[in-house]
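Topology and contacts: notes
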Amino acid sequence: SSAVTSSTKIVLNLESLGSLPADEAGPLARYASTIQAQRHDYNGKVLSIRAEDLKSLAIIYDMSPDELTTRLIEWGVLSPGMESVVGFGGG
Ligand code: C2E
Ligand code: C2E
Ligand code: C2E
């Protein structure tokens, strides 16, 4: 089962996201931009997204949600503290 539980709050660091190479981070950046536009939420340094959106993003990146979470932490896109919240495929 996925270690990303319904109680896991996914908070993207938009400043880190904006500084990543577009070829890797492009799909994620476009997804985040779409959510910002839908909410009219343009001025934040971070963006809270739905757990369901992480599953959609994992499909886009052809990874499991846990693998994508690990990648987002490596990229510095998930704010500090997510390592302790999100497991790595164990549970
Ligand atoms: P919607 O899904 O019909 O949600 C309508 C409104 O309900 C949202 O307006 C927001 O005020 C509230 N809402 C729904 N779910 C949540 C939630 O988990 N937390 C909070 N705090 N509020 C919630 P809003 O924000 O203006 O969004 C408008 C529409 O944009 C949403 O309609 C949805 O279709 C889309 N959207 C916005 N943010 C996201 C997102 O993070 N993921 C996805 N998949 N769609 C989003
Ligand atoms: P929190 O969820 O820990 O968020 C802390 C701060 O991170 C927020 O302060 C805001 O500056 C930023 N932040 C988090 N997610 C987003 C995002 O998706 N967009 C933007 N632009 N900024 C974000 P803020 O706004 O003063 O909110 C303080 C606390 O109030 C939040 O702590 C949360 O506990 C509550 N809160 C604010 N808005 C909502 C909401 O829509 N739904 C729920 N359930 N709580 C909210
Ligand atoms: P979640 O769906 O995983 O959403 C996590 C966080 O993403 C929300 O925390 C909120 O900060 C942000 N978010 C998600 N969707 C929207 C949206 O449409 N508009 C805005 N402005 N922000 C959004 P939050 O608000 O503390 O909600 C925690 C959990 O409570 C959500 O997790 C969801 O499971 C549930 N929830 C909250 N509001 C609604 C709602 O209106 N409809 C439904 N179906 N579930 C909701």
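Computed from a prediction, not measured in an experiment: that's the story for all the values here.

**Notes on the site of ligand 1**
- Looking at ligand 1, the residues that line it are Ile35, Gln38, Arg39, Arg50 and Asp53.
- Interatomic distance of 3.5 Å between a side-chain N/O atom of Gln38 and a nitrogen atom of ligand 1.
- Between ligand 1 and Arg50 there is a distance of 3.0 Å, counted from an oxygen atom to a side-chain nitrogen or oxygen.
- Its free accessible area being 770 Å², ligand 1 has 37% of it covered by the protein chains.

**Digging into unusual backbone geometry**
- Even without a glycine there, the phi angle at His40 is positive, about 60 degrees.
- Checked against the element boundaries, His40 lands in the loop between helix H2 (22-39) and strand E2 (46-49).
- His40 sits in the exposed class, given a relative accessible area of 63%.
- A positive phi angle, close to 55 degrees, is found at Asp62, a residue other than glycine.

**Thoughts on the pattern of salt bridges**
- Going through the model one piece at a time under the given rule, you end up with two salt bridges.
- Close ionic contact of Arg71 with Glu24 constitutes a salt bridge, the shortest N to O distance being 3.8 Å. Residue Arg71 is found in helix H4 (residues 65-75), and its partner Glu24 is found in helix H2; the two are separated by 47 residues along the sequence.
- Assessed through its relative accessible area of 28%, Arg71 is described here as partly exposed.
- Residue Glu74 pairs with Arg71 through a salt bridge whose shortest N-O separation is 3.7 Å. Residue Glu74 and its partner Arg71 are located together in helix H4, separated by three residues, close to a single helical turn.

**Thoughts on the packing of H2 against H4**
- Put simply, H2 and H4 touch, their axes get as near as 13 Å, and they point 110 degrees apart. Here H2 is positioned roughly perpendicular relative to H4, judged by the angle of their axes. Seen from above, H2 lies across H4 with left-handed handedness. Contacts between H2 and H4 involve Glu24, Ala25 and Leu28 on the former and, on the latter, Arg71, Leu72 and Trp75.
- By residue class, the composition of the contact of H2 with H4 is four nonpolar, no polar and two charged.

**Re the site of ligand 3**
- For ligand 3, the full set of nearby residues is Lys9, Arg39, Ser48, Ile49, Arg50 and Ala51.
- Here Lys9 contributes a side-chain N or O atom positioned 3.2 Å from an oxygen atom of ligand 3.
- A distance of 3.1 Å separates a nitrogen atom of ligand 3 from a polar atom in the side chain of Arg39.
- If ligand 3 stood free it would expose 780 Å²; the protein chains cover 35% of that surface.
- Its residues assigned to classes, the shell around ligand 3 comprises two nonpolar, one polar and three charged.

What counts as what
- Residues numbered from 1 in each chain as written.
- Chains lettered and ligands numbered in written order.
- Predicted model: local features only at pLDDT ≥ 70, side-chain atom pairs only at ≥ 80, totals over all residues.
- Heavy atoms only, no water.
- Near = heavy atom within 4 Å.
- Polar contact = N/O pair within 3.5 Å; in protein donor to acceptor, adjacent residues only side chain to side chain.
- Areas by Shrake-Rupley, 256 points an atom, 1.4 Å probe, with all protein chains shown as cover.
- Helix = DSSP H or I, 4+ residues; strand = E, 2+ residues; numbered from the N terminus.
- Buried < 20%, exposed > 50% of the residue type's maximum accessible area, 1.4 Å probe, protein only.
- Salt bridge = Lys/Arg side-chain N within 4 Å of Asp/Glu carboxyl O.
- Axes fitted to C-alpha atoms, helices over the stretch in contact; angles between N-to-C directions.
- Parallel < 35°, antiparallel > 145°, perpendicular 65-115°, else oblique.
- Left-handed = near helix turned anticlockwise from the far one by under 90°.
- Contact = heavy atoms within 4.5 Å.
- Nonpolar A, V, L, I, M, F, W, Y, C, P; charged D, E, K, R; others polar.

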